[in-house]
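Descriptive analysis of the structure
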Amino acid sequence: MARPFSQRYGHVKVEEVIQLESISKDSRMVIWNCIHEELLRYKSQSNDAVENIVRSVWINFLKNDSSKVPIYRSTVGAPDLVGEVKRAIISAPWYHVYDLIEFIVNETQGTSFDDLSIYLNSVFKSEGLAYSIIEGMVVPVSTPVEVESIQEGIDTGSDSSRKHFECALELLSNREQPDFRNSIKESISAIESLCKKISGNDKGTLGDCLKTIEDKGHIHPAMKRAFQQLYGYTSDQGGIRHALMDGSEEPTLEEARYMLVICSAFSNYLISKMSD
């Protein structure tokens, strides 16, 4: 199945792929569906445990009147407890949604629904939400600095490196069939193309080009060696830059995102050194 138009033609933004300090409309609905399907619809099978959880949301999280608790329904209507939870997830500021998720996850502890965080973490990952639930707390797994680094790499790089970074980002943005292997390849290709331009050696290897850049005083020897080792990782890990070998492990989202962040940061570093 072909990738969507927005991904094929470079209209994907960093903040759409790595959702930090925001939750898209679609992702809110996916979160709601997860909570509804894995928790709320099971009221009749749970000896009122689910209703007690949602009553607690009404009284202790939303701070509403305990003498006016709406009726519980497993389908959304008005007024009802399930509808109140949905309205909060769909309409509340992004940070309140995570507050609510933390509250619900902690309320499920000791019940038959205490694996809810596992399902939600799967949603966070598939939706590109830059957070994870650890020990009942929603914690960031990306930072604004990382997002800004990727965007700067796209905005300030050479024409060829910018195209590689955009492609790396697009390959990460496919929610159904992300291509982590080729995303990593595109991230490292962005550095190769930039180093070739800076060194003036269009035919040289990355090692050759980095040596030229080092000789010109634009990079410290230790940093050059560190990036060469990272480049070596892409050659060894699962055949990322070469043919996929039998038994090779597929790269993960975390590895692909790390390579995009580190390569964009290295690109930004080289460009800033060139301008000194």
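Here the structure is shown first, and the text comes after it.
Let me sum up the structure you'll find in this document. Given the structure is predicted, the values throughout are model-derived calculations rather than measurements. (Residues numbered from 1 in each chain as written. Predicted model: local features only at pLDDT ≥ 70, side-chain atom pairs only at ≥ 80, totals over all residues. Heavy atoms only, no water.)

Moving on to the packing of helix α3 (residues 25–38) against helix α7 (residues 116–126). Relative to each other, α3 and α7 sit at 155 degrees, their axes nearing to 10 Å. As judged from the angle between their axes, α3 and α7 are roughly antiparallel. Of the two elements, α3 crosses α7, and the hand of that crossing is right-handed. The residues of α7 that touch α3, namely those facing Val-30, Ile-31, Cys-34, Ile-35 and Glu-38, are Leu-116, Tyr-119, Leu-120, Val-123 and Phe-124. Of the residues contributing to the contact of α3 with α7, the split by class is nine nonpolar, no polar and one charged. (Axes fitted to C-alpha atoms, helices over the stretch in contact; angles between N-to-C directions. Helix = DSSP H or I, 4+ residues; strand = E, 2+ residues; numbered from the N terminus. Parallel < 35°, antiparallel > 145°, perpendicular 65-115°, else oblique. Left-handed = near helix turned anticlockwise from the far one by under 90°. Contact = heavy atoms within 4.5 Å. Nonpolar A, V, L, I, M, F, W, Y, C, P; charged D, E, K, R; others polar.)

Inspection of the entire model under this criterion finds seven salt bridges. Glu-37 is the salt-bridge partner of Arg-41, the closest N and O atoms lying 3.1 Å from each other. Across the pair Lys-125 and Glu-254 runs a salt bridge whose closest N-O atoms are separated by 3.7 Å. Taken together, the residues Lys-125 in helix α7 and Glu-254 in helix α13 (residues 253–275) connect sequence positions 129 residues apart. (Salt bridge = Lys/Arg side-chain N within 4 Å of Asp/Glu carboxyl O.)

Right, let's talk about the side chain of Arg-257 for a bit. Locating Arg-257 in the fold gives a position in helix α13. Although buried, Arg-257 forms no salt bridge, and the nearest oppositely charged side chain, Glu-254, lies 5.0 Å from it. What Arg-257 contacts, discounting residues up to four positions off in sequence, is Ile-18, Val-141, Ser-142 and Leu-172. (Buried < 20%, exposed > 50% of the residue type's maximum accessible area, 1.4 Å probe, protein only. Lys, Arg positive; Asp, Glu negative; His and termini not counted.)

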